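Examining the three-dimensional arrangement
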Amino acid sequence: MMSMLCTLRRWLRGLEPRARTHLDRSWLASLRPWLERRELFRFQRQPLARGVAAGMFCGLIPGPLQIPGTLLVCAWLRGNVVAGGVATFYTNPFTTVPLYALAFYLGALVMPGTQTLPPWSSVAPGGDFSVQAMAAWIQALGTPLLVGLPTLGLLLAALGYAAVQLMWLAPAWQRKRRLVRSRQASGLRS
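Residues numbered from 1 in each chain as written. Predicted model: local features only at pLDDT ≥ 70, side-chain atom pairs only at ≥ 80, totals over all residues. Heavy atoms only, no water.

Observations regarding the nonpolar core
- Within the largest apolar cluster, 23 residues are counted, with the highest numbers of intra-cluster contacts made by Leu-60 and Leu-152.
- Of all the secondary structure elements, the ones that give two or more residues to this core are helix H3 (45-58), helix H5 (81-87), helix H6 (96-110) and helix H7 (131-189).
- Broken down by element, this core gets its largest block of residues, eight residues, from H7.
- Not counting residues up to four positions away in its chain, the partners in contact with Leu-152 are Leu-60, Leu-99, Leu-102, Ala-103 and Leu-106. (Core = buried A, V, L, I, M, F, W, Y, C linked by side-chain atoms within 4.5 Å. Buried < 20%, exposed > 50% of the residue type's maximum accessible area, 1.4 Å probe, protein only. Helix = DSSP H or I, 4+ residues; strand = E, 2+ residues; numbered from the N terminus. Contact = heavy atoms within 4.5 Å.)

Laid out in structure tokens, this is it:
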């Protein structure tokens, strides 16, 4: 497990020079001052953690606005845009409904009063899935969803940030533990 994490870290560090070579394209000349901020493409612990947090938060934004939102938040937080963009992929057609239901329950937990999740059959009488039925169901979720989405986004962002920090530091903790054990073993022998 630790060797896999070390290999992942080395691979991510090797991506930075390759990403920077793509910035030399002529059609990116007008964006170069913004793109030259090194943190946006740095594959180190802090920028990666901020990028993943931004992607986890912006992943709950509807459809095509996820990546542009993630780019803006990464620029603001100085996070890695590649990690942020990849982190948004936790939302997909299979996970959207459960995530929105979870956001509804979080919003209902935070809001005063009692809110109930509208059943799918109330918006899709035949039970068939369609984009129109999905839009009607999301609209029926109302205020608890509007409160729950940012709450869930912040919770997921904090979990993503902490996960990257732990994964990045796990090999260092493992080395420290081995060093302490070897010192204790050498102290017992002498």
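Some remarks on the packing of aromatic side chains
- Applying the stated rule across the entire model yields one aromatic pair.
- Arranged with centres 5.8 Å apart and planes meeting at 75°, the rings of Phe-104 and Tyr-105 form a pair that is edge-to-face.
- Under the relative-accessibility criterion, Phe-104 is labelled buried at 1%. (Phe/Tyr/Trp six-rings, centres within 6.5 Å; stacked < 30°, edge-to-face > 60°.)

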